2 protein chains.
Amino acid sequence: MARRSGVSISTVSRVLNNSKPVSPEIRQKVLEAIKETGYRPNLLARGLVLRKTNIIGIIVPDISNSYYSELVKGTEEISNMYNYSILLCNTYGELKKEMEYLNLLLEKQVDGIIFMTTNLTDDHINWFKENEVKAVFVNRRAEGLDIPYVSIDNYNAAYDATNYLIKLGHKKIAYVGGPLSDEVLGKERFEGYKQAIYDAGIDFKQELVRVSKIGIRNGYEAMADILDVYNDITAVFAANDIMAIGAVNCILDRGYKIPDDISVVGFDDIPLASIIRPALTTIRQPIYDIGAVAARMLIKKLNGEKLEEKAVNLPYQLIERDTSAKAR
Amino acid sequence: MARRSGVSISTVSRVLNNSKPVSPEIRQKVLEAIKETGYRPNLLARGLVLRKTNIIGIIVPDISNSYYSELVKGTEEISNMYNYSILLCNTYGELKKEMEYLNLLLEKQVDGIIFMTTNLTDDHINWFKENEVKAVFVNRRAEGLDIPYVSIDNYNAAYDATNYLIKLGHKKIAYVGGPLSDEVLGKERFEGYKQAIYDAGIDFKQELVRVSKIGIRNGYEAMADILDVYNDITAVFAANDIMAIGAVNCILDRGYKIPDDISVVGFDDIPLASIIRPALTTIRQPIYDIGAVAARMLIKKLNGEKLEEKAVNLPYQLIERDTSAKAR
DNA sequence: CTGAAAGCGCTTACAG
DNA sequence: CTGAAAGCGCTTACAG
């Protein structure tokens with residue numbers, strides 16, 4: 001390439017990167033030679049000397065889950081916009097894979113990491129303490145770590161969802177959700193529910209609460225368990241749409257009318273939520289934006305820019321559809 | 001690292017890669033030093049000398065579409081198993097982005113590319129002719145290119161779906177599908193439908209056919225158009241589930257019973273297909289497997305192994321659910 | 001403005 | 001079995 005145009009490789013590098021002035025004639029010659037030869041710079045070599053790969057590693061529990069794939073889409077688009085590529089790591093939520101990928105990403109010399117896990121453990125925290133990588137967390141706050149995160153405020157969203165039912169006049173409000181061991185999907189949302197109940201002066205009843213692994217079937221059964229004992233509830237807050245759909249099916253199967261007899265509010269606004277009949281009232285997360293903001297924050301860090309905030313909570317929205325109505 | 005253990009970097013390299021015998025004592029010393037220092041090999045540098053990055057680039061139209069995310073999951077898992085990482089490129093189906101990404105992947109020195117597009121053009125073909133990359137196509141045959149592809153046999157699947165309806169005694173079978181400009185989702189499936197009709201000795205009627213951009217709404221309207229004129233059809237083959245769902249909604253809205261009055265068979269078996277009521281009879285694609293096989297084929301090529309077949313069609317399956325029944 | 005040289009962190013003949 | 005040296009394809013002081 002360089003010899004082809006009769007100049008040094010230094011000069012070729014300079015016209016390619018515009019890093020230093022090059023005389024117009026020579027620039028011209030180089031450009032022509034590049035065209036003719038179909039020369040492509042080797043970004044690996046460049047990365048080696050610059051210590052910068054322009055690759056961002058992204059670790060997700062399950063790319064086939066629409067939540068994560070939408071989020072990855074957001075990350076990918078913003079990354080691409082800023083000239084970064086995405087190295088995708090799918091972990092199936094397994095700690096072992098997560099740790100392997102974290103190490104691998106470092107060896108691959110990625111510039112930064114966007115990290116998602118359903119279960120943040122000390123292993124993760126310690127790893128990030130030992131390895132100073134630029135990183136951004138999604139949906140998890142990392143205790144004692146100087147790593148920013150982006151999320152929505154799950155506690156307040158759950159509070160608002162519950163409160164919405166209360167304002168509709170409901171008093172017997174069941175809770176169906178994911179395991180409390182899950183900090184975000186389980187605990188935070190449950191706490192929001194509980195607080196709303198307390199604040200409304202309603203008696204909190206543990207019997208109206210069912211938590212289990214997330215799944216349509218589990219939502220169905222959790223709902224069945226509750227209805228077996230309390231057939232006088234008038235509302236359910238299901239802390240994720242998957243279980244909400246299970247709950248809806250159960251309620252319908254038992255012959256209750258939705259929303260006439262029982263109102264249901266979900267959480268997440270997955271695509272299905274607006275398609276099932278009756279369409280689900282639920283909390284919408286700005287999933288794409290979460291991914292996009294995470295990427296933007298990481299890239300700012302990579303550029304050495306100061307982040308104004310260590311944590312970003314994006315706005316959520318209550319989408320009223322057909323599963324909720326005033327209490328009789 | 002090397003000096004830490006008092007040996008040469010050559011030796012360190014050799015214990016790390018097991019590329020040459022190293023005396024047990026020295027190996028031991030090196031291993032210890034690695035532990036102590038938390039040394040991590042720089043895979044970029046290794047890639048530069050080996051001319052091998054162990055990265056596979058994957059190009060998809062829309063990662064947030066469950067079809068592609070499921071497929072990427074398959075690719076990712078197999079790749080990871082063989083020690084490859086995935087560089088994810090989302091194109092929104094735009095030719096410009098596709099070409100940019102193809103070039104970028106080459107500059108990033110990926111070992112191979114798994115390529116998906118909804119619209120394979122000469123630009124793509126020419127690019128692959130000019131750049132000899134190891135690649136595998138998904139769902140598209142590349143005319144005049146020595147690039148293997150993996151897919152299902154869309155023509156035969158559509159044939160079988162239509163034939164299934166014929167065997168149920170249906171004679172007036174409408175067709176609703178994607179644009180014929182789409183080789184796979186449009187043309188191949190339509191041809192399969194047509195051939196089945198012919199083979200059964202049924203009169204093919206162009207008026208029973210509606211193609212349009214894929215979308216629930218469009219499926220609904222295509223169905224409405226047909227029912228406006230032919231209210232005596234007893235079955236519909238909708239060549240993708242999205243439009244099938246639209247068609248189902250339309251049929252129901254018009255007061256027909258499914259499957260009593262009209263049977264519907266879809267194509268793809270998207271998650272929704274089994275969730276809507278009545279649950280959709282449809283053709284299931286082994287999406288995860290398509291991704292997995294594509295990765296496996298590419299890796300074989302990367303290893304210099306011969307592929308037995310240039311094209312792999314994975315088995316599809318007709319899933320009978322509640323939208324199809326014998327003709328009255 | 002341009003080129004020769006050093007160096008990024010590895011691997012691998014080559015010599016011993 | 002082990003080390004010094006060359007080289008992968010770049011970038012960037014340094015000298016001119």
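In this report, the structure presented in the accompanying data block is examined. Think of each chain on its own: its residues are numbered from 1, step by step along the sequence as written. The lettering of chains begins at A and the numbering of ligands begins at 1, in the order of writing. The predicted origin of the model limits local features to residues at a pLDDT of at least 70 and limits the giving and counting of side-chain atom pairs to 80 or more, whereas totals for whole chains, interfaces and linings rest on all residues. Based on all heavy atoms of the structure, the side-chain values leave hydrogens and waters out of the count.

### Focus: the protein's contact with DNA strand C
Right, so step 1: Any residue with a heavy atom positioned within 4 Å of a molecule or strand is treated as near that molecule or strand. Around DNA strand C, the surrounding shell holds 26 residues, and the nearest of these are A:Arg14, A:Ile26, A:Arg51, B:Ser13 and B:Asn17.
Right, so step 2: Among all atoms of DNA strand C positioned within 4 Å of the protein, those belonging to sugar or phosphate total 68%.
Right, so step 3: Pairs of N or O atoms are called polar contacts if they sit within 3.5 Å, as long as, within protein, a hydrogen donor faces a hydrogen acceptor (for residues adjacent in sequence, only side-chain-to-side-chain pairs). Within the side chain of A:Arg14, one N or O atom sits 2.5 Å away from a base nitrogen of DNA strand C.
Right, so step 4: In the model, a base oxygen of DNA strand C is placed 3.3 Å from a nitrogen or oxygen of the B:Ser10 side chain.
Right, so step 5: Helix numbers and strand numbers start at the N terminus; a helix is a DSSP run of H or I with at least 4 residues, a strand a run of E with at least 2. Sorting the residues of the surface near DNA strand C by element identifies α2 (9-17) and α4 (43-50) of chain A together with α1 (9-17) and α3 (43-50) of chain B as the ones contributing at least two each.
Right, so step 6: Put simply, Ala, Val, Leu, Ile, Met, Phe, Trp, Tyr, Cys and Pro go in the nonpolar bin, Asp, Glu, Lys and Arg in the charged bin, and everything else, Gly too, in the polar bin. Across the surface near DNA strand C, the residue classes break down as twelve nonpolar, eight polar and six charged.

### What to know about helix α10 (residues 241-253) of chain B
Each α-helix turn comprises 3.6 residues. Residues three or four places apart therefore point the same way.
Right, so step 1: A helix is expected to span 1.5 Å multiplied by its residue count minus one. Spanning 13 residues, α10(B) covers 18 Å between terminal C-alpha atoms, matching the ideal 18 Å at 1.5 Å per step.
Right, so step 2: Contacts are assigned to residue pairs with any non-hydrogen atoms lying within 4.5 Å of each other. Looking at the buried residues of α10(B), the elements they touch are β6 (173-177), α9 (216-229), β8 (235-238), β9 (263-265) and β10 (282-284) of chain B.

### Points about the interface of chain B and chain A
Right, so step 1: Contact residues are listed per partner, giving 42 residues for chain B and 43 residues for chain A.
Right, so step 2: Accessible area, probed at 1.4 Å, shrinks when two parts are joined; the buried area is that loss added up over both. Summing both partners gives a buried area of about 4,000 Å² for chain B against chain A, and 58% of it is carried by carbon and sulfur.
Right, so step 3: The largest contributions to the chain B side of the interface with chain A come from B:Arg40, B:Leu44 and B:Lys108, which together make up 17% of the buried area.
Right, so step 4: By definition here, a salt bridge exists when the distance from a side-chain nitrogen of Lys or Arg to a carboxyl oxygen of Asp or Glu is within 4 Å. Counting across the interface, chain B meets chain A through two salt bridges.
Right, so step 5: For B:Asp62, the salt bridge identified is with A:Lys73, shortest N-O distance 3.3 Å.
Right, so step 6: If you list the elements that add at least two residues to the side of chain B that touches chain A, you get α3, α4 (66-81), β2 (85-90) and α5 (95-107) of chain B.

### As for the protein's contact with DNA strand D
Right, so step 1: In the vicinity of DNA strand D there are 26 residues, among which A:Ser13, B:Thr11, B:Arg14, B:Ile26 and B:Arg51 approach most closely.
Right, so step 2: Looking at DNA strand D alone, sugar and phosphate atoms form 66% of those within 4 Å of the protein.
Right, so step 3: Within the side chain of A:Ser10, an N or O atom sits 3.3 Å from a base oxygen of DNA strand D.
Right, so step 4: Taking A:Asn17, its side chain carries an N or O atom lying 2.7 Å from a phosphate oxygen of DNA strand D.
Right, so step 5: Broken down by secondary-structure element, the contributors of at least two residues to the surface near DNA strand D are α2 and α4 of chain A together with α1 and α3 of chain B.
Right, so step 6: Top contributing element to the surface near DNA strand D by residue count: α2(A), with five residues.

### Considering the sheet that holds strand β3 (residues 112-115) of chain B
Right, so step 1: Only strands joined by at least two bridges in the DSSP assignment are considered to pair. Read from one edge of the open sheet, twelve strands run β11(A)-β5(A)-β4(A)-β3(A)-β1(A)-β2(A)-β2(B)-β1(B)-β3(B)-β4(B)-β5(B)-β11(B), paired in mixed fashion. Every interior strand has two partners, whereas the edge strands, β11 (311-314) of chain A together with β11 (311-314) of chain B, have only one. When strand polarity is set aside, the average angle formed by the axes of neighbouring strands in this sheet is 20 degrees.
Right, so step 2: Bridging between strand β1 (residues 55-60) of chain A and strand β2 (residues 85-90) of chain A involves six bridges; their strand directions are parallel. Looking at the pairing, A:Val60 lines up with A:Asn90 of β2(A). Axis lines are fitted through C-alpha atoms, for helices just across the contact stretch, and the angle between N-to-C directions can take any value from 0 to 180 degrees.

### Structural notes on the nonpolar core
Right, so step 1: By size, the foremost hydrophobic cluster in this structure holds 105 residues, and its most contacted members are A:Leu88, A:Ile114, A:Phe237, B:Leu88, B:Ile114, B:Tyr193 and B:Phe237.
Right, so step 2: In this structure B:Leu88 touches A:Val72, A:Glu76, A:Ile86, A:Leu88, B:Ile58, B:Val60, B:Ile63 and B:Val72, once residues within four positions along its chain are discounted.
Right, so step 3: Counting 54 residues, the second largest nonpolar core, distinct from the first, contains A:Ala224, A:Ile233, A:Ile258 and A:Ile276. Among buried residues, those of type Ala, Val, Leu, Ile, Met, Phe, Trp, Tyr and Cys that are joined through side-chain atoms within 4.5 Å constitute a nonpolar core. Here the term buried applies to any residue with accessible area under 20% of the maximum for its type, exposed to any over 50%, and partly exposed to those in between, with areas from a 1.4 Å probe on protein chains only.

### Quick look at the packing of α4(B) against helix α11 (residues 287-302) of chain B
All names here are of chain B.
Right, so step 1: Their axes nearest at 7 Å, the elements α4 and α11 cross at an angle of 40 degrees. One way to sum up the angle between α4 and α11 is to call them oblique. Seen from above, α4 lies across α11 with right-handed handedness. In this structure, α4 contributes Tyr67, Glu70, Leu71, Lys73, Gly74, Thr75, Glu77, Ile78 and Ser79 to the contact, and α11 contributes Ile287, Tyr288, Ile290, Gly291, Ala292, Ala295, Arg296 and Ile299.
Right, so step 2: Counted by class, the contact of α4 with α11 contains nine nonpolar, four polar and four charged residues. Reported orientations rely on four angle classes, namely roughly parallel under 35 degrees, roughly antiparallel over 145, roughly perpendicular from 65 to 115, and oblique for the rest. Should the near helix be turned anticlockwise from the far one by less than a right angle, the crossing is left-handed, and should it be turned clockwise, the crossing is right-handed.

### Looking at the packing of aromatic side chains
Centre-to-centre distance and the angle between the planes together describe a pair of aromatic rings.
Right, so step 1: Each pair of aromatic rings taken from Phe, Tyr and Trp, with Trp reduced to its six-membered ring, is defined by centres within 6.5 Å and is described as stacked if the planes are under 30 degrees apart, edge-to-face if over 60, and tilted in the remaining cases. Applying the stated criterion across every chain, the model contains 26 aromatic pairs over all chains.
Right, so step 2: Between A:Phe115 and A:Phe137 the ring centres are 5.4 Å apart and the planes differ by 50 degrees, which places this aromatic pair in the tilted class. With A:Phe115 in strand β3 (residues 112-115) and A:Phe137 in strand β4 (residues 135-138), the pair connects residues that are 22 residues apart, well separated along the chain.
Right, so step 3: Given a relative accessible area of 1%, A:Phe115 falls into the buried group.
Right, so step 4: A relative accessible area of 2% means that A:Phe137 is categorised as buried.
Right, so step 5: Where A:Tyr175 meets A:Tyr193, the ring centres are 4.9 Å apart and the plane angle is 40 degrees; that geometry is what we call tilted. With A:Tyr175 in strand β6 (residues 173-177) and A:Tyr193 in helix α9 (residues 183-199), the pair connects residues that are 18 residues apart, well separated along the chain. For the pair formed by A:Tyr175 and A:Tyr193, the shared burial category is buried.
Right, so step 6: An aromatic cluster is defined as three or more aromatic residues linked by ring pairs; in this entry it consists of A:Tyr175, A:Phe190, A:Tyr193, A:Tyr198, A:Phe204, A:Phe237 and A:Phe267.
Right, so step 7: Charge-over-ring placement is defined geometrically: NZ (Lys) or CZ (Arg) within 6 Å of the ring centre, and within 35 degrees of the ring normal. For B:Arg189, the ring lying beneath its charged end belongs to B:Phe267, and the centroid distance is 3.6 Å.
Right, so step 8: Lying over the aromatic face of B:Tyr220, B:Arg217 brings its terminal NZ or CZ to 5.7 Å of the ring centre.

### Describing the sheet that holds strand β7 (residues 209-211) of chain A
The strands making up a sheet associate through hydrogen bonds between their backbones, and the pairing can be parallel or antiparallel.
Residue and element names in this part refer to chain A.
Right, so step 1: Taken in spatial order, the four strands make up an open sheet running β7-β6-β8-β9, and their pairing is parallel. The two strands at the open ends of the sheet, each matched to only one other strand, are β7 and β9 (263-265). Here the average twist between neighbouring strands, direction ignored, is 15 degrees.
Right, so step 2: The pairing of β6 with strand β8 (residues 235-238) spans four bridges and is parallel. Within the sheet, the bridge partner assigned to Val176 lies in β8 and is Ala238.
Right, so step 3: Each of β6, β8 and β9 is contacted by helix α8 (residues 154-167), which is oriented at about 170 degrees to β8, the strand it contacts most.

### Side note on the relation of the copies chain B and chain A
Right, so step 1: Residues below a pLDDT of 70 in either copy are left out; the C-alpha atoms of the rest, at least 70 in both, set the least-squares superposition of the copies. When chain B is fitted to chain A, the residual RMSD is 0.2 Å, and the transformation amounts to a turn of 180 degrees plus an axial shift of 0.1 Å. Accordingly, the operation relating the two chain copies is best matched by a two-fold axis. In terms of proximity to the rotation axis, the leading residue of chain B is B:Leu87, whose C-alpha is 2.3 Å off the axis.
Right, so step 2: When the interface residues of chain B are mapped onto chain A, 100% of them again fall at the interface, so both copies present the same face.

### Thoughts on the side chain of B:Thr75
Residues and elements named next belong to chain B.
Right, so step 1: Among the structural elements, Thr75 can be located in helix α4.
Right, so step 2: Judged by relative accessible area, which is 0%, Thr75 ranks as buried.
Right, so step 3: Excluding residues that lie within four positions of it along the chain, Thr75 makes contacts with Ile58, Ile86, Ile114, Gly291, Ala292 and Ala295.

### A look at the packing of α4(A) against α3(B)
Right, so step 1: In contact at an axis separation of 9 Å, α4(A) and α3(B) are set at 140 degrees when each is read in the N-to-C sense. Classified by the angle between their axes, α4(A) and α3(B) sit oblique to one another. Here the hand of the crossing between α4(A) and α3(B) comes out left-handed. Every residue of α3(B) that contacts α4(A) at A:Leu44, A:Ala45, A:Gly47 and A:Leu48 is listed here: B:Leu44, B:Ala45, B:Gly47 and B:Leu48.
Right, so step 2: Of the residues in the contact of α4(A) with α3(B), the class split is six nonpolar, two polar and no charged.

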